[in-house]
Amino acid sequence: MNLTKIVSLLFALLFVYFVVVQYNDPDPQVWMPIYGIAVAACLSIYFEKAPRSYVFVVMALAYFFASYQQWPPQYEGVFWGEMKMRSINIELARESLGLAVSGVGMLVMAYLRTRLGK
């Protein structure tokens, strides 16, 4: 297995984890598909069925824009005690950072897509 497949599979597994932890979220119907799209994008690289690189760049920009929009009015951290939420700002920060990680993942997928060269 080459490095492109390994990296895309690792990112896919990371985003699968993101999907799974959304199960107990107050609004999983929003967040599970958001991270599920990232899983599909990573798997498209893995199976060499990916769209052109610019599609991943557009996805990254969308994730980064959503991350910016989701950022809390007052940052209070992302962890408090045993992962419980003390305020809505903690939840917003977690969501924002998850979207930012997704954006970074899509930029990596764009780079990997250029390495496929098909």
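Basis of the calculations
Residues numbered from 1 in each chain as written. Predicted model: local features only at pLDDT ≥ 70, side-chain atom pairs only at ≥ 80, totals over all residues. Heavy atoms only, no water. Helix = DSSP H or I, 4+ residues; strand = E, 2+ residues; numbered from the N terminus. Contact = heavy atoms within 4.5 Å. Buried < 20%, exposed > 50% of the residue type's maximum accessible area, 1.4 Å probe, protein only. Phe/Tyr/Trp six-rings, centres within 6.5 Å; stacked < 30°, edge-to-face > 60°. Lys NZ or Arg CZ within 6 Å of the ring centre and 35° of its normal. Axes fitted to C-alpha atoms, helices over the stretch in contact; angles between N-to-C directions. Parallel < 35°, antiparallel > 145°, perpendicular 65-115°, else oblique. Left-handed = near helix turned anticlockwise from the far one by under 90°. Nonpolar A, V, L, I, M, F, W, Y, C, P; charged D, E, K, R; others polar.

Per an unreviewed UniProt entry, the recorded name for the protein chain is Transmembrane family 220 protein, and the organism is Runella aurantiaca.

Trainee: Explain the side chain of serine 44 residue by residue, including any values.
Mentor: Along the chain, the position of serine 44 falls in helix α2 (residues 28-46). Once you skip the residues sitting within four places of it in the chain, serine 44 turns out to touch Lys49, Ala50, Pro51 and Phe56.

Trainee: Give a description of the environment of phenylalanine 11 that names residues and reports values.
Mentor: Inspection of the secondary structure assignment puts phenylalanine 11 in helix α1 (residues 3-21). On the basis of relative accessibility, which here comes to 18%, the residue phenylalanine 11 falls in the buried class. With 32 residues separating them in the primary sequence, phenylalanine 11 and leucine 43 have C-alpha atoms 8.9 Å apart. Once residues within four sequence positions are removed from consideration, phenylalanine 11 is found in contact with Cys42, Gly105, Val108 and Met109.

Trainee: Talk me through the packing of aromatic side chains; I want residue IDs and the actual numbers.
Mentor: Counted according to the given criterion, the structure contains 6 aromatic pairs. Both rings, one in phenylalanine 11 and one in phenylalanine 15, keep their centres 6.1 Å apart while their planes meet at 35 degrees; by these two values the pair is tilted. With phenylalanine 11 and phenylalanine 15 both in helix α1 and 4 residues apart, this pair spans about one turn of that helix. Each member of the pair, phenylalanine 11 as well as phenylalanine 15, is classed as buried. Ring centres 5.1 Å apart and planes at 75 degrees place the aromatic pair phenylalanine 18 and tyrosine 35 in the edge-to-face group. Residue phenylalanine 18 is located in helix α1, and its partner tyrosine 35 is located in helix α2; the two are separated by 17 residues in the primary sequence. Joined through ring pairs, the aromatic side chains of Phe11, Phe15, Phe18, Trp31 and Tyr35 make up one cluster. The residue whose ring lies beneath lysine 5 is tyrosine 46, and the NZ or CZ to ring-centre distance is 5.0 Å.

Trainee: Account for the packing of helix α3 (residues 53-70) against helix α4 (residues 88-116), naming residues and giving values.
Mentor: It is at 8 Å that the axes of α3 and α4 come closest, and there the two elements cross at 165 degrees. Classified by the angle between their axes, α3 and α4 sit roughly antiparallel to one another. Seen from above, α3 lies across α4 with left-handed handedness. For the contact of α3 with α4, the residue count by class is 15 nonpolar, 7 polar and 2 charged.

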